[in-house]
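# Structural overview
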Amino acid sequence: MPDAFTTSVLHLTTGDTETVTDLTADCERFLSRAAVGRDGLLNIFVPHATAGIAILETGAGSDEDLLATLHALLPADDRYQHRHGSPGHGRDHVLPAFIAPHATLPVIGGQLELGTWQSVCLVDTNISNHSRQVRLSFLG
């Protein structure tokens, strides 16, 4: 019998610009090994205080719209009490209150259940931290 719980960590380099990184293919590769034909749940978790996981359409401008909206809601300036790092870095620490550092998604027959235009994305506005980890866990 396959393990009921399987986990793996992705190691990503996001660079020195704010990014929305599509993780959907990584999630599907993980499930092809961990979930073979089974139903369950995929949990995606980023163990960082300045990044989040979002489910959104990519490639049609929504990723850029998300970053622009975050700039409008959370300007990168000196208004924040948290002031170490690059100018406006305090906003990066507020980001997970708007975009949670986790998501849990259904897996049916070993396949990730997403809507037609949905993708699993890492949202990273912290230009000072280029190295990110994302933990993928399957329970089923």
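A brief report on the enclosed structure follows. (Residues numbered from 1 in each chain as written. Predicted model: local features only at pLDDT ≥ 70, side-chain atom pairs only at ≥ 80, totals over all residues. Heavy atoms only, no water.)

Within this structure, the stated rule accounts for 5 salt bridges. A salt bridge links D26 to R29, with the nearest nitrogen and oxygen atoms 2.8 Å apart. One end of the pair is D26 and the other is R29, both in helix 1 (residues 24–34) and 3 residues apart, which spans about a single turn. Judged by its relative accessible area of 46%, R29 is partly exposed. The partner of R79 in a salt bridge is D77, with the nearest N and O atoms 2.6 Å apart. Judged by relative accessible area, which is 51%, R79 ranks as exposed. The exposure class assigned to D77 is partly exposed, which follows from its relative accessible area of 26%. One connected set of salt bridges, linked through shared partners, spans E18, R91 and D92. (Salt bridge = Lys/Arg side-chain N within 4 Å of Asp/Glu carboxyl O. Helix = DSSP H or I, 4+ residues; strand = E, 2+ residues; numbered from the N terminus. Buried < 20%, exposed > 50% of the residue type's maximum accessible area, 1.4 Å probe, protein only.)

Bringing the side chain of T24 into the picture now. By the element assignment, T24 lies in helix 1. For T24, the contacting residues outside a window of four places in its chain are L114, S119 and V120. (Contact = heavy atoms within 4.5 Å.)

This part takes up the sheet that holds strand 2 (residues 19–22). Across the sheet, 3 strands lie side by side as 2-7-4; this open sheet has antiparallel pairing. Edge strands, defined here as strands with exactly one partner in the open sheet, are strand 2 and strand 4 (51–56). Put simply, the sheet's adjacent strands are angled 30° from each other on average, direction ignored. Inspection of the sheet shows strand 4 paired to strand 7 (residues 119–124) by 6 bridges, in the antiparallel sense. Following the sheet pairing, I55 is matched in strand 7 by V120. (Pairing = 2+ DSSP bridges. Axes fitted to C-alpha atoms, helices over the stretch in contact; angles between N-to-C directions.)

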